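Spelled out from the first residue to the last, the chains are:
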Amino acid sequence: QWLSDRKKRALQKKDVDIRRRIELIQDFEMPTVSTKIKVSRDGQYIMAVGTYKPRIRCFDTYQLSQKFERCLDSEVVTFEILSDDYSKIVFLQCDRFVEFHSQHGHYYRTRIPKFGRDFSYHYPSCDLYFVGASSEVYRLNLEQGRFLNSLQTDASESNVCDINPVHFLFAMGTAEGKVECWDPRTRNRVGLLDCALSSVTADTEIDGLPSISALKFDGALNMAVGTSTGQVLLYDLRSSNPLIVKDHHYGLPIKSIQFQRQLDLIISADSRIIKMWNKDTGKIFTSMEPEYDINDVCLYPNSGMLMTANEAPKMNIYYIPVLGPAPKWCSFLDNLTEELEENPESTVYDDYKFVTRRDLENLGLAHLIGSSLLRAYMHGFFMDIRLYHKAKMMANPFAYEEYRREKIRQKIEETRAQRVQLKKLPKVNKELALKLIEEEGEEQQVTRKRKQKNLPSLLKDDRFKVMFENPDFQVDEQSEEFRLLNPLVSKISEKRKRKLKILEELEAQEQEEEEEPEGKASDAESSESSDDEKGWVEEVRKQRKLLRQEEKVKRQERFKEDQQTLLKPQFFEIKEGEEFRSFKDSAKKQKLMK
């Protein structure tokens, strides 16, 4: 988001990751903003409306490109695809016009009395039901080509409507926060739900009366209602109380509600977030927060693909494998997601480096905090990688040389690993490795006698591999802790050191593969085992004496250094014509002058 368009284009040429990005459908975007997006019933065509200028774009999934584009006279509030493909479309426009399009283009245009906000198509009777800034629901019969008697409701205005796909019950959401259900056969109201009252629970905080902003049927009995204050209510049509109330906690109107039947999920979206949650328990499955505000969400049927219309030119496509398989026109997505799961890659910022406050202090760049060169992010800052490299070179000029030597050493080690492996001791912690080999040999003998399973070796365990490869893990035998904790080990370690010297001499002479030393208890060790306690006490005393002597020597050296540093006298210059009596007089003079 910090890069300019020119730099982004340059990155596209250089960066392999950007070149690998998948553009499922070519030019899947609008000039400025997309408002609604739908999929045809046969799944072949994706249609989206947007601005500016007001237009509809139809994308063919079989060709993965745009099929056609048509410009309209005014902005589209919503639209419906009546046929299985793109051949019959109805648009409700913001200037009260209803426009019909056929396969070749514009077919017919008519007008409704009041501004419309939503409409639904009743398939058995070929009626269009329009709701909007009126208490009436306008009916337009497409078979006869004329308006029928309107449905008179108790609401002042209506925002949304939907028709049940099973028994064709017509439901509409009002500005007063109620849902009215009508039977299209008798044209009578059969039910009324007060959703505004049910949406207010102990945990919710609302400003003003909630109105209905989204409505969707699922099967014959379930219905989900979204309010303008950010709650989603799931109803069973046989009950006036909601089964579950889900709050988005943003206080924004719910824009879209979709049902995902394979996992019993409800996908609800406001302008900021898309939430997927279980319709039985209300438990969150996942959520997505796109960069730009959401206008509409469309779930591709029988798949895990999700499309959004945004307040931006680009229309987003999300693929969630858990929700379902990829559509047949982009089945390669399944293989790609499997590969991504096998090879997880960490995100790398090529142009910026993330640094903490401590890193900045070490580099001597703490004074840049608050300037435009550092961008605050989480517990640190992003800075330009070139500035970071320059500062690091000045702070530690030989860092690159050390890094280069380490890389060369690693490369040589990698090439050596490809050769025929000899049974050698590791370069780091050789004595510890030899001790483990000896103990392993002893354990193998015991397990053979007792017929037990062999325990895994530390040398072969990947978790401890770095201990025998990285020099940072080298055991410091001269440290105070090691000398006090391991006094008894000294005699055994001397024997191991002799063995190590012999092994190193054999390696230097480049002889054939030597056998790993078998850990057998020698006669010397067995004879000393009885005097372990006495030997341990004597060794601890010796080590403590040595440590005291070393501390005494260090103190004497420090004392000598302190004696060598002499204090130099300080000189003060007196102005001409003034006599110096004491330092107090000069302080009095300064006060008098003030």
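What counts and what doesn't
- Residues numbered from 1 in each chain as written.
- Predicted model: local features only at pLDDT ≥ 70, side-chain atom pairs only at ≥ 80, totals over all residues.
- Heavy atoms only, no water.
- UniProt positions renumbered as here; feature names shortened; annotations may be inferred.
- Helix = DSSP H or I, 4+ residues; strand = E, 2+ residues; numbered from the N terminus.
- Buried < 20%, exposed > 50% of the residue type's maximum accessible area, 1.4 Å probe, protein only.
- Contact = heavy atoms within 4.5 Å.
- Salt bridge = Lys/Arg side-chain N within 4 Å of Asp/Glu carboxyl O.
- Pairing = 2+ DSSP bridges.
- Axes fitted to C-alpha atoms, helices over the stretch in contact; angles between N-to-C directions.
- Phe/Tyr/Trp six-rings, centres within 6.5 Å; stacked < 30°, edge-to-face > 60°.
- Lys NZ or Arg CZ within 6 Å of the ring centre and 35° of its normal.
- Core = buried A, V, L, I, M, F, W, Y, C linked by side-chain atoms within 4.5 Å.
- Patch = residues over 30% accessible without salt bridge, like charges linked within 9 Å, V, L, I, M, F, W, Y side chains within 5 Å.
- Areas by Shrake-Rupley, 256 points an atom, 1.4 Å probe, with all protein chains shown as cover.
- Polar contact = N/O pair within 3.5 Å; in protein donor to acceptor, adjacent residues only side chain to side chain.

Looking at an unreviewed UniProt entry, one finds the chain named Nucleolar protein 10, with Fulmarus glacialis as its source organism. In its Subcellular location (unreviewed entry) section, UniProt records this for the chain: "Nucleus, Nucleolus". Recorded in UniProt under Sequence similarities (unreviewed entry), the annotation for the chain is "Belongs to the WD repeat NOL10/ENP2 family."

This part is about the overall build of the chain. When you go through the chain residue by residue, the secondary structure sums to 13 helices and 30 strands. The 594 residues of the chain split such that 38% are buried. In the chain, the proportion of contacts linking residues at least 24 apart, taken out of those at least 6 apart, comes to 44%.

A word on the pattern of salt bridges. Per the stated rule, a full pass over the model turns up 17 salt bridges. One salt bridge connects Glu-157 with Arg-117, and the closest N-O pair in it is separated by 3.0 Å. Taken together, the residues Glu-157 in the loop between β12 (146-152) and β13 (158-163) and Arg-117 in strand β9 (residues 116-122) connect sequence positions 40 residues apart. Given a relative accessible area of 29%, Glu-157 falls into the partly exposed group.

Turning to the sheet that holds strand β17 (residues 212-218), a few remarks are in order. The sheet built from four strands is open, its strands ordered β17-β18-β19-β20 with antiparallel pairing. The open sheet is flanked by β17 and β20 (244-247), the only strands paired with a single partner. With strand direction ignored, the average angle separating the axes of adjacent strands in the sheet is 15°. The sheet contact formed by β17 and strand β18 (residues 222-227) spans six bridges and is antiparallel. Its bridge partner lying in β18, Phe-217 is registered against Met-223.

As a further point, take the packing of aromatic side chains. On inspection of all chains with the given rule, the structure shows 11 aromatic pairs. Considering the side-chain rings of Phe-100 and Tyr-108, the 6.5 Å spacing of their centres and the 35° angle between planes classify their relative orientation as tilted. We classify Phe-100 as buried; its relative accessible area is 11%. Owing to a relative accessible area of 47%, Tyr-108 belongs among the partly exposed residues under this scheme. Ring geometry for Tyr-377 versus Phe-382: centroids 5.3 Å apart, planes at 35°, classification tilted. Residue classification places Tyr-377 among the partly exposed positions, given a relative accessible area of 39%. You can call Phe-382 buried: its relative accessible area is 5%. An aromatic cluster is built from Tyr-45, Phe-68 and Tyr-86, whose rings are joined through pairwise contacts. The ring of Phe-115 has Arg-96 sitting right over it, with the charged end atom 5.7 Å from the ring centre. It is Arg-109 that lies over the ring of Phe-97; its NZ or CZ is 3.7 Å from the centre.

Ranked by internal contacts, the top residues of the largest apolar core, which has 20 residues, are Phe-28, Ile-37, Ile-46, Met-307 and Trp-329. The biggest single contributor to this core is strand β26 (residues 305-310), with three residues. Excluding residues that lie within four positions of it along the chain, Trp-329 makes contacts with Leu-24, Ile-25, Gly-43, Ile-46, Thr-61, Leu-64, Tyr-300 and Met-305. In this structure, Val-160, Ile-212, Leu-215 and Phe-217 belong to the second largest nonpolar core, which totals 14 residues.

A surface patch of nonpolar side chains, amounting to about 240 Å² of accessible area, comprises Leu-263, Phe-285 and Val-322. Here Phe-285 shows up in strand β24 (residues 284-288). Exposure remark for Phe-285: the relative accessible area of 35% places this residue in the partly exposed category.

Another aspect to go through is the environment of Glu-180. Along the chain, Glu-180 falls in strand β15 (residues 178-183). Taking the relative accessible area as the measure of exposure, Glu-180 reaches 2% and is therefore buried. When the C-alpha positions of Glu-180 and Asp-194 are compared, they lie 9.0 Å apart, and in sequence the two are 14 residues distant. Look past the residues within four positions of Glu-180 in its chain and what remains in contact with it is Thr-153, Asp-154, Ala-155, Phe-170, Ala-171, Met-172, Thr-174, Arg-189, Gly-191 and Leu-192. Within the local environment of Glu-180, its side chain forms a polar contact with the backbone nitrogen of Asp-154, the two atoms lying 3.5 Å apart.

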